[in-house]
Amino acid sequence: MNMELSRRTLLKGAGVGLAGTALGAFGFGGIEAAYADAIRAFKLVGTTETRNTCPYCSVACGVIMYSKGDLTKGEKAEITHIEGDVDHPTNRGTLCPKGAALLDFVKSETRLTKPRIRKPGADKFEDISWNDALDRIARLMKDDRDANFEAQNQDGVTVNRWKTTGFLAASASTNETAFLTYKVVRSTGILAFDNQARV
Amino acid sequence: MTNSWTDIKNTDLVIIMGGNAAEAHPCGFKWVTEAKANRGAKLIVVDPRFTRSASVADFYAPIRQGTDIAFILGLINYCIQNDKVHWDYVKAFTNATYLVKDGFSFKDGLFSGYDESKREYDKSSWDYQIGEDGFVMVDDTLSNPRCVWNLLKEHVSVYTPEMVERICGTPKDKYLKVAEMVAETSSPTKTMTSMYALGWTQHSKGSQNIRSMAMLQLILGNIGMRGGGMNALRGHSNIQGLTDIGLMSNLIPGYLTIPTQKEVDFATYMSTRGFKPLRPDQMSYWQNYKKFFVSFQKSMWGDEAQPWNDFAYDWLPKLDVPAYDVLRAFELMHQGKMNGYVCQGFNPLLSFPNRKKCTDALSKLKFLVTMDPLDTETARFWENHGEYNDVDPSQIQTEVIQLPSTCFAEDDGSLVNSGRWLQWHWAGGTPPGEAQRDTWIMAQIWKRLKALYEKEDGPLPDPILKVRWPYADPDDPKADEIAREINGYAIEAVYDPTDPTKVLVEKGKQLASFGQLRDDGTTSCGCWIYTGCFTEDGNNMARRDNSDPDEAGFYSKWAFSWPANRRILYNRASADMNGQPWDPSRKVIAWNGTKWEGYDVPDIAPTAKPDVVGPFIMNPEGTARLFTRTMMKDGPFPAHYEPFESPIANPVAPNVKGNPAARVFEGDMAQFGEAEKFPYAATSYRLTEHFHFWTKHVQPNAVMQPEFFVEISEQLAEEKGIKQGGWVKVMSNRGEVKAKAVVTKRIKPLQCDGKTVHIVGVPLHWGFTGVAKKGLGPNTLTPFVGDANIETPEYKAFLVDIAPLTEPVS
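From a predicted model like this one, the values you see are computed outputs, not experimental measurements.

The rules behind each value
- Residues numbered from 1 in each chain as written.
- Chains lettered and ligands numbered in written order.
- Predicted model: local features only at pLDDT ≥ 70, side-chain atom pairs only at ≥ 80, totals over all residues.
- Helix = DSSP H or I, 4+ residues; strand = E, 2+ residues; numbered from the N terminus.
- Axes fitted to C-alpha atoms, helices over the stretch in contact; angles between N-to-C directions.
- Parallel < 35°, antiparallel > 145°, perpendicular 65-115°, else oblique.
- Left-handed = near helix turned anticlockwise from the far one by under 90°.
- Contact = placed C-beta atoms within 7 Å.
- Domains from an automatic or database assignment.
- Nonpolar A, V, L, I, M, F, W, Y, C, P; charged D, E, K, R; others polar.
- Pairing = 2+ DSSP bridges.

Undergrad: Help me understand unusual backbone geometry in this model?
TA: It is generally the case that most residues other than glycine have a negative phi and that most peptide bonds are trans. Residues and elements named next belong to chain B. With an omega of -10°, the peptide bond between W562 and P563 qualifies as cis. With respect to the element layout, P563 can be found in the loop between β23 (560-561) and β24 (589-591). Located in the positive-phi region is F311, a residue other than glycine, with phi close to 55°. In this fold, F311 is placed in the loop between α13 (289-301) and α14 (326-334). A positive phi angle, near 70°, is found at R420, a position not held by glycine. Here R420 is to be found in the loop between β15 (413-416) and β16 (421-425).

Undergrad: When you look at the packing of helix α4 (residues 68-81) of chain B against helix α8 (residues 172-183) of chain B in this model, what are you seeing that I'm missing?
TA: Packed helices, taken two at a time, are described by their axes: the angle between them and the distance between them. All names here are of chain B. Packing of α4 against α8 leaves a shortest axis separation of 10 Å and a crossing angle of 60°. By the angle between their axes, α4 is oblique relative to α8. When you trace α4 past α8, the crossing you get is right-handed. Residues L75, Y78 and C79 of α4 form the contact with α8, whose participating residues are A179, V182 and A183.

Undergrad: What exactly am I supposed to notice about the domain arrangement of chain A here?
TA: Note: interface size is frequently given as the accessible area lost on complex formation between the parts. Domains assigned within chain A are domain 1 (1-42), domain 2 (47-110), domain 3 (112-147) and domain 4 (149-199). Domain 2 of chain A and domain 3 of chain A are separated by 33 Å when their C-alpha centres are compared.

Undergrad: Explain the interface of chain B and chain A to me, please; I cannot follow it from the model alone.
TA: Across the contact, 140 residues belong to chain B and 105 residues belong to chain A. Looking at the side of chain B that touches chain A element by element, the count peaks at 10 residues for helix α17 (residues 438-455) of chain B. Residues of the side of chain B that touches chain A, tallied by class, amount to 74 nonpolar, 48 polar and 18 charged. Taken together, the 3 bridges between strand β4 (residues 116-118) of chain A and strand β14 (residues 399-404) of chain B define a ladder with antiparallel strand orientation. From the neighbouring strand, I117 of chain A faces β14 of chain B, where its bridge partner is I401 of chain B.

Undergrad: Could you clarify how one ought to interpret the packing of helix α7 (residues 161-168) of chain B against α8 of chain B in this entry?
TA: All names here are of chain B. Their axes nearest at 9 Å, the elements α7 and α8 cross at an angle of 115°. Our pair here, α7 against α8, has a crossing hand that is right-handed. Residues P161, E162, V164 and E165 of α7 form the contact with α8, whose participating residues are K172, Y175 and L176. Residues of the contact of α7 with α8, tallied by class, amount to 4 nonpolar, no polar and 3 charged.

Undergrad: Would you mind going over the sheet that holds β23 of chain B with me for this structure?
TA: Two modes of strand pairing occur in sheets, parallel and antiparallel, and in both the strands are linked by backbone hydrogen bonds. With antiparallel pairing, the 3 strands of this open sheet are ordered in space as β15-β16-β23 (chain B). Every interior strand has two partners, whereas the edge strands, β15 and β23 of chain B, have only one. Sheet analysis places β16 of chain B next to β23 of chain B, joined by 2 bridges and oriented antiparallel. Residue pairing for β23 of chain B: W421 of chain B is matched across the bridge by S561 of chain B. Across the sheet, helix α5 (residues 175-188) of chain A touches β15 and β16 of chain B, and the angle it forms with β15 of chain B is around 95°.

Here you go:
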């Protein structure tokens with residue numbers, strides 16, 4: 001599936017090997033070893049590489065994300081660096097001014113971390129638990145659907161539609177999110193369903 | 001895109017019109033640079049601004065925004081007048097020879113059948129003459145005055161170089177230079193690629209802008225070719241996928257359509273979807289519609305969708321209007337007819353036109369739910385931010401629930417790039433705080449709705465209760481599970497139709513191609529055009545073999561390209577009537593005497609004889625349409641219409657305002673401004689340092705382009721007494737913005753119909769959340785009207801006035 005041994009992995013592996021063996025093999029003494037120890041290690045050594053694509057425009061440049069910790073091993077992973085994927089046929093490792101700053105998007109201080117609710121007339125958000133937020137959303141949706149669902153139109157034709165709540169899908173979510181969203185939204189009878197194709 | 005990013009390297013001529021790839025798609029633009037450096041390709045840029053794409057072009061021509069159709073129909077006229085037509089291609093692969101009904105006409109800017117009170121056409125005359133054999137009548141000699149070619153020739157004759165200059169403001173000599181360069185690609189061994197984006201779509205006739213260029217590309221024989229094609233540079237990373245999967249009011253995944261209420265049952269619905277071939281021996285691939293539809297219904301409702309209940313046809317909602325696009329949704333909200341709205345990663349307060357109307361509309365909702373990785377303006381539309389969001393929270397009764405979602409780096413799944421490549425990506429980071437994946441959030445909403453309907457009464461609960469939900473952890477469906485579901489599988493064994501003893505796919509196995517879909521309920525498939533993306537061989541979207549035989553630019557083992565891993569659509573048209581490439585140095589596929597073979601998956605049945613079956617297999621004609629029958633609301637040919645707000649009257653149809661078939665809501669018509677009060681032609685645009693409203697949350701980008709500005713010419717600055725870097729006020733009939741003025745040589749006034757037209761550029765990246773300076777944007781100014789066919793808002797051409805402000809500059 002995934003071609004694991006990328007050019008970069010190969011280079012990185014070679015570099016680490018060199019540090020471990022070559023110094024000794026050439027017979028460096030204490031001073032040289034101390035000097036070698038003083039050099040800051042390549043910062044990507046020991047990080048986990050993950051392949052991804054840039055979430056901005058539709059060129060979909062390949063990127064490599066480097067993290068401390070490995071999600072696939074169930075660890076907490078903190079992304080520390082993102083760069084262009086040289087193996088990717090479209091961008092061949094390059095990134096634009098937006099893609100080059102992706103790390104700061106991932107770590108933006110305005111990333112949301114908690115569900116929040118703003119009550120009618122209030123001038124601020126307050127925290128709410130996921131459970132309460134989701135229960136509330138389901139309640140609001142069901143009440144509106146129950147009150148406004150149209151099973152038949154005035155001509156007696158079965159139309160099974162719900163026109164008073166709308167759903168606006170995104171532009172950067174995955175196909176898999178899109179399909180699951182489609183199933184949930186359409187099953188309710190929502191018609192005002194759209195995405196960001198036009199803007 | 002009909003082709004891919006990497007294929008651009010194969011071109012001889014790039015025309016960038018309606019886009020600015022060097023700034024908006026920089027790493028894709030590198031393939032233009034490759035073509036220039038390695039093939040000696042030329043680049044033409046036609047744009048109101050001298051953009052960075054223009055700065056590296058071989059030739060730049062200015063144009064007034066909203067006049068592209070006049071420019072391109074002028075190019076078609078030039079090609080016809082100067083015999084720069086790929087005749088063999090046009091005669092064999094387009095409907096040029098087809099005869100059109102006698103009732104069809106075009107006069108004074110209107111096609112036959114116009115009803116002014118409804119702003120709609122009766123399109124019955126926009127069709128072919130059908131012979132006694134049931135097929136379209138044709139005239140291979142092109143001498144019949146009613147054949148498409150002669151009607152087209154007549155239709156474009158008004159767009160002379162002089163008329164193009166008068167409408168577009170493009171100096172005649174520059175226009176003719178473009179025409180000359182473009183026309184050269186009518187040679188079978190030369191190709192041109194068209195790269196466009198929102199600069200063409202965001203007009204009240206956006207679809208026809210694109211159609212005009214598609215027609216030109218057909219006349220030049222550039223569709224299906226390496227280095228050719230119509231290449232839409234999509235704006236977002238997966239807007240192609242979200243459209244493919246049909247997240248639009250009138251779509252079902254794979255470009256199937258939601259029924260209307262006139263389609264009272266499944267039989268009626270299917271009666272207009274037979275797609276009987278219009279010419280002998282043609283594939284007319286949509287004849288398989290029922291297989292795609294039934295397989296989708298099976299993926300949606302599983303065992304509940306059965307032949308006896310028309311595969312749960314009744315459970316699909318039925319439309320009462322053509323579409324509930326976002327403009328209609330916000331119009332209904334504004335009228336108080338919409339109570340709830342869910343925004344999944346979208347920022348309509350900054351994205352939709354006429355911001356004041358958007359704020360008023362959101363304020364009338366009972367509830368609003370947002371899901372986003374970032375703190376959006378929409379989630380805070382009720383919060384006062386002074387001049388940047390001047391609202392009184394106490395007067396807004398909308399309940400708002402803001403849900404934190406993951407971003408790309410914390411999520412697995414596939415995205416579809418502009419070139420239709422489905423590329424898998426992997427999560428590499430732990431989400432911040434309590435942020436959750438959208439799939440989890442949607443599963444949780446469904447689970448709770450289901451629980452409520454199990455416990456309480458309510459109308460028609462079954463479609464919700466019985467949605468097919470085949471996930472190992474129903475609370476948290478995984479991306480690969482859903483990807484397998486989208487690809488489709490055999491519910492029962494699938495047999496070979498020519499040999500019923502032969503099993504093609506065993507029960508329970510993943511399907512290998514959409515050719516294996518069945519209309520009897522034995523296959524399930526979420527989105528037929530994606531079949532092949534996740535087969536018994538595994539996840540083909542995750543393939544990472546970047547080999548490229550003969551450096552032809554296909555990269556066919558990298559990821560998966562829909563449909564059927566095909567990299568160039570209509571690639572049968574790259575070969576002549578004997579199946580041999582028009583240009584041997586640019587072979588895509590060729591006929592070897594018994595079948596098609598080559599670099600790409602043939603876009604035709606592998607054994608379809610080249611002199612029998614036409615290349616445009618999705619059309620019942622087998623050919624491409626220069627005359628598009630009744631497919632579009634505003635005409636079977638494009639015609640020049642001015643933007644709804646225009647500095648001049650339409651020179652070719654002075655009595656027609658805007659696009660006569662575009663939908664305009666009552667209150668919005670009154671909000672159009674006139675040139676007397678708002679004399680300057682404004683347009684919105686994007687900057688290379690920013691991505692929509694996301695990167696104002698990103699420190700480095702916010703530093704590079706920290707604040708809102710408007711761009712004007714030196715001439716307009718002098719006329720209005722505006723200083724470089726000084727404050728200005730820009731006003732439209734719907735609102736006003738304050739901005740710094742950037743006075744440049746990149747914009748120059750144009751002469752249109754004897755009048756000097758000044759252009760005002762309004763970039764769109766600022767709001768009131770994030771780390772950049774607060775600012776407004778074009779949507780405060782723009783009109784609430786969309787394209788006649790798909791309702792893309794007219795962001796690219798509107799009227800404003802501008803005045804200097806005396807405030808000190810910080």
